[in-house]
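# Breakdown of the fold
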Amino acid sequence: MFTNRKELLKLCTLSGTTEIGRNCNFVEYGDEIVMIDAGYSFPGQEMYGIDYLIPNVSYLKQNKEKIKAILITHGHLDHTGALKWILPELGYPPIYAGGFAKALIEEKMKEYHMLDKVKIFGVDRKSQLRIGKNFQATFIGINHSIPDAFSIFLETPNGNVFFSGDYKIDLTPANEPQTDYEKLRQLRGRIDVALMESTNATNPGKAPSEKEIFENLAELIKKQKGRVVVAAFSSLITRLYSLIEVAKITKRKIVLSGRSLDQAIDIARRKRYITAEDSLFIKEKDINKYADNELLLLCTGSQGERFAALNRISLNEHKFIKIHKGDLIIMSSSEIPENISTIGRMTDRIIGLGADLVKDTIDLKIHSTGHGNQEDMKMMYDLIQPRTVMPIHGPLTFRYFNKQNFLRWGMRDEDILLTDDGQTWLLDGHTWRKGKKVESKPILIDGLGVGDTGDIVLKDRKQLSEFGMFVTVLNMSEKSKKIIGRPRFISRGFVYMKGSQELLKEIENLIYDIHHDWEKQSQNSKGITIENFKDAIEKELSKLIYKKTEREPIILTVII
Ligand SMILES: [Zn+2]
Ligand SMILES: [Zn+2]
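Notes on the structure in this doc start here. Predicted model only: the values in this text are computed from it and were never measured.

## Points about the coordination of the zinc ion (ligand 1)
Where a metal carries four tetrahedral donors, each ideal angle is 109.5 degrees; where it carries six octahedral donors, the ideal angles are 90 or 180 degrees. On the protein side, the zinc ion (ligand 1) has His74 (NE2), His76 (ND1), His144 (NE2) and Asp166 (OD) as donor atoms, found 2.1 to 2.4 Å from it. One can describe the site at the zinc ion (ligand 1) as irregular: its 4 donor atoms subtend angles covering 89 to 170° at the metal. One chain supplies every donor for the zinc ion (ligand 1), spaced along it as H-x1-H-x67-H-x21-D. Between the two metals, the zinc ion (ligand 1) and the zinc ion (ligand 2), the spacing is 3.6 Å, and aspartate 166 donates to both. Of this pair, histidine 76 sits in the loop between β5 (67–71) and α2 (77–80) while aspartate 166 sits in the loop between β11 (159–163) and α5 (181–185), placing them 90 residues apart in sequence. Judged by relative accessible area, aspartate 166 falls into the buried class, the value being 2%.

Here it is, written out as structure tokens:
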């Protein structure tokens, strides 16, 4: 199909390689670039006040006229959440996404008043697109935990790249066709590198089917005589579908509690992925009009998030939903490791209020991952048989074990490439070699704006939260440069002033010493300013305070 002279193919695993989140990769050939996904991630606990991290698109920005398309594997925010910030920087290149992802993206864009600028096109299981002069993209239907999830096969004149996307091989999916095995099989012998997700690389066996989860939930809820409250992830649309079907079977009305759930179900109903009459849903404020056994409450907060519905219910601060004896709470979710103790405290409170609790266990599966386990991964590998693979979408340990899997399945060590964020790879038609790294340090986003929160701001927030703040207020004569009266001190979250008179006396004396030195210096040299005095106070005070208290509050000096 291609006739032009061959150039090197460049692939860059820009972001999302070493973690689960912030996915963004691109392929460059000649003067054209195609991007795959543009997600965000959530910051670690030490990043105070940061809402999201997004991929660093410096390289792409410098080459923005080359960008022909952004292809989206599926609608989860770790694959789409950064579009809001990235699109304006890159001049709004066209986006190609499955129907469901398209609806979710459009919803967000509407919220940000960007919809009129965004060019977004829907794709389906039959889609094959010519992009620019050099690319052809094939979308291959797979199963995940959200409808319209795809693997993407990208062909260029000098090599082909396969992106697995997030997937599992579900032999009995809840409300969608199975993975398109035939199309995957047709890729055999044509894939020069496959970027494979590593989320569950250490989990043996096969990921449970969504059908099994559906049946277990139906069985469990059928037996209940009281109210049933289910906590589920609003991003797992497949599960929400199952729960709504269970409500129909068990003749219960659905009550939705949590904004993200409302939105997810609204879009799923509009896309006809979930079909349900309006009369199936009732408002939170109306729950007392129904008998307990007529109610199925779906709520957010499976991770114990402070302001999410289930946590507010557990704290008895929910306006309409009060737990009482006979209620059953079902956690149809997994526990993210860093949330385990928070979730534990929440379920303690729930049980304390008299409710029963069911969690996902090996004996009773009421939650299934959307990411394949080792057996699913092996099936995918057998279908596509790529020449080389790159484990992505997971920390190094996950990717290391993913590599072990591929070795066990017969791949050669040199054909399994461990990559890094920002790493480029060059294909000369035959072998991949590492190219130069591009800038990939994530961009921090807080409520205030893009990337204007640098390391210093973060350090300040960390310091404030750990040690508080100590302010010295000095009244100084402009003319004589003498300190008038005594210094005043203000402490917030640092020391209790009344109990620290000794320390404050030392600080006061230190300030007089510094003032004395500074006065002498400024008489001898014109270059010495009041800023030098302030800096010296802050520097010396922090040394003294650290020596005396082993704490590092933020130290400020105000001269009036
Ligand atoms: Zn996903
Ligand atoms: Zn993902």
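## Details of the nonpolar core
Grouped together as the largest cluster of nonpolar side chains are 38 residues, with contacts concentrated most on Leu298 and Ile330. At the level of elements, α4 (99–111), α6 (210–222), β13 (228–231), α7 (237–249), β14 (253–257), α8 (259–270), β16 (295–299) and β17 (328–331) are the ones that each hand at least two residues to this core. Sorting elements by how many residues they give to this core places α7 first, with 7 residues. Apart from residues lying up to four places away in sequence, leucine 298 is in contact with Val230, Leu243, Ile254, Val255, Leu256, Ser257, Leu261 and Ile265. Ranked by size, the runner-up nonpolar core spans 32 residues in total, among them Val57, Ala82, Ala97 and Ile105.

## Topic: the pattern of salt bridges
Taken as a whole and judged by the stated rule, the model has 34 salt bridges. When the shortest N-O distance is used, the salt bridge between lysine 168 and aspartate 170 registers 4.0 Å. You can call aspartate 170 buried: its relative accessible area is 3%. Among the ionic pairs, lysine 378 bridges to aspartate 382, the shortest N-O distance being 2.9 Å. A residue pair is termed a helical-turn pair when its members lie 3 or 4 positions apart in one helix, as lysine 378 and aspartate 382 do in helix α11 (residues 374–384) at 4 residues. Overall, the relative accessible area of 29% leaves lysine 378 in the partly exposed class. A single network of salt bridges, built from pairs that share partners, joins Lys10, Glu28 and Lys66.

Quick notes on the rules
- Residues numbered from 1 in each chain as written.
- Chains lettered and ligands numbered in written order.
- Predicted model: local features only at pLDDT ≥ 70, side-chain atom pairs only at ≥ 80, totals over all residues.
- Heavy atoms only, no water.
- Donors = N, O, S within 2.8 Å, 3.2 Å for Na, K, Ca; no water.
- Tetrahedral: all angles 85-135°; square planar, octahedral: opposite > 155°, others 65-115°.
- Helix = DSSP H or I, 4+ residues; strand = E, 2+ residues; numbered from the N terminus.
- Buried < 20%, exposed > 50% of the residue type's maximum accessible area, 1.4 Å probe, protein only.
- Core = buried A, V, L, I, M, F, W, Y, C linked by side-chain atoms within 4.5 Å.
- Contact = heavy atoms within 4.5 Å.
- Salt bridge = Lys/Arg side-chain N within 4 Å of Asp/Glu carboxyl O.

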